[in-house]
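Letter by letter, the chains look like this.
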Amino acid sequence: MLKEIIHSFTIVQENNIGMPIGNLTSQIFANIYLNELDRFVKHKLRAKAYLRYGDDFIIVGNDLEKLEFFRSKTVDFLKNKLKLVFNQKSDKILKLHHCLKFLGIKFWPFGRNLNRRSLSRAHQRLNYNNISSYSGLIKQHCNRKQQKHFSWLVYEKLI
């Protein structure tokens, strides 16, 4: 029997049509526009475990053939119905015991950790206004040593 497998996707713009991802309203529009994708995956494909945040999503399952079927149907749906294409770099099928990088966090069956880029961004962008936000992120996804280092950075910023 196969271990659980994760299928990870990222959607990209085609022909420079649409709104750039960095735009604040793009998050709202992504949720509105990709609601059709959510309905398709949940109700038509009947995927047991599906997660989407913005334009990134994963489908979790334990049958490789089923996940490949989901991939082909999802690609067709996005291309033909929503006029979107996949980022080929992010279109992967992984075994669960491999590291899944999703939304700046590395996930393993035994835990999770912020990736280096997200951790360094938190350190660089830390200021008085966002201390509580970054503290929560570090507390949730980092080990004790990284939390302690971050606490010293907060102390330095406050002085």
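The coordinates are above.
Scope of this entry: the structure provided in the associated data block. (Residues numbered from 1 in each chain as written. Predicted model: local features only at pLDDT ≥ 70, side-chain atom pairs only at ≥ 80, totals over all residues. Heavy atoms only, no water.)

## What about the layout of surface pockets?
Of the volumes computed, that of the second largest pocket is approximately 170 Å³. Together, twelve residues line the second largest pocket, and K48, V60, G61, N62 and K66 are the ones closest to its centre. If you list the elements that add at least two residues to the lining of the second largest pocket, you get β3 (56-61) and α3 (64-80). For the lining of the second largest pocket, the element with the most residues is α3, which contributes three residues. Its residues assigned to classes, the lining of the second largest pocket shows five nonpolar, two polar and five charged. (1 Å grid on protein atoms, 1.4 Å probe; cavity = no way out; pocket = protein on both sides within 12 Å on 5 of 7 lines; lining within 4 Å. Points joined across faces, edges and corners; volume = space filled by probe spheres on them. Helix = DSSP H or I, 4+ residues; strand = E, 2+ residues; numbered from the N terminus. Nonpolar A, V, L, I, M, F, W, Y, C, P; charged D, E, K, R; others polar.)

## A word on a nonpolar patch on the surface
On the surface, I28, F29 and I32 cluster together into a nonpolar patch covering about 330 Å² of accessible area. When you line up the elements, F29 lands in helix α1 (residues 24-33). (Patch = residues over 30% accessible without salt bridge, like charges linked within 9 Å, V, L, I, M, F, W, Y side chains within 5 Å. Areas by Shrake-Rupley, 256 points an atom, 1.4 Å probe, with all protein chains shown as cover. Salt bridge = Lys/Arg side-chain N within 4 Å of Asp/Glu carboxyl O.)

## Thoughts on the pairing of β3
Burial within β3 is extensive, with five of its six residues counted as buried. Where strand β2 (residues 49-53) lies against β3, five bridges are found, and the strand directions are antiparallel. Counted as the bridge partner of R52 is F57 from β3. Turn length for the β2-β3 hairpin, with the two strands adjacent in sequence and antiparallel, is two residues, and the turn residue G54 shows positive phi of about 65°. (Buried < 20%, exposed > 50% of the residue type's maximum accessible area, 1.4 Å probe, protein only. Pairing = 2+ DSSP bridges.)

## Quick word on the environment of K101
Inspection of the secondary structure assignment puts K101 in strand β6 (residues 100-102). Classification of K101 as exposed rests on a relative accessible area of 60%. In this structure, the C-alpha to C-alpha distance between K101 and N115, residues 14 residues apart in sequence, is 8.0 Å.

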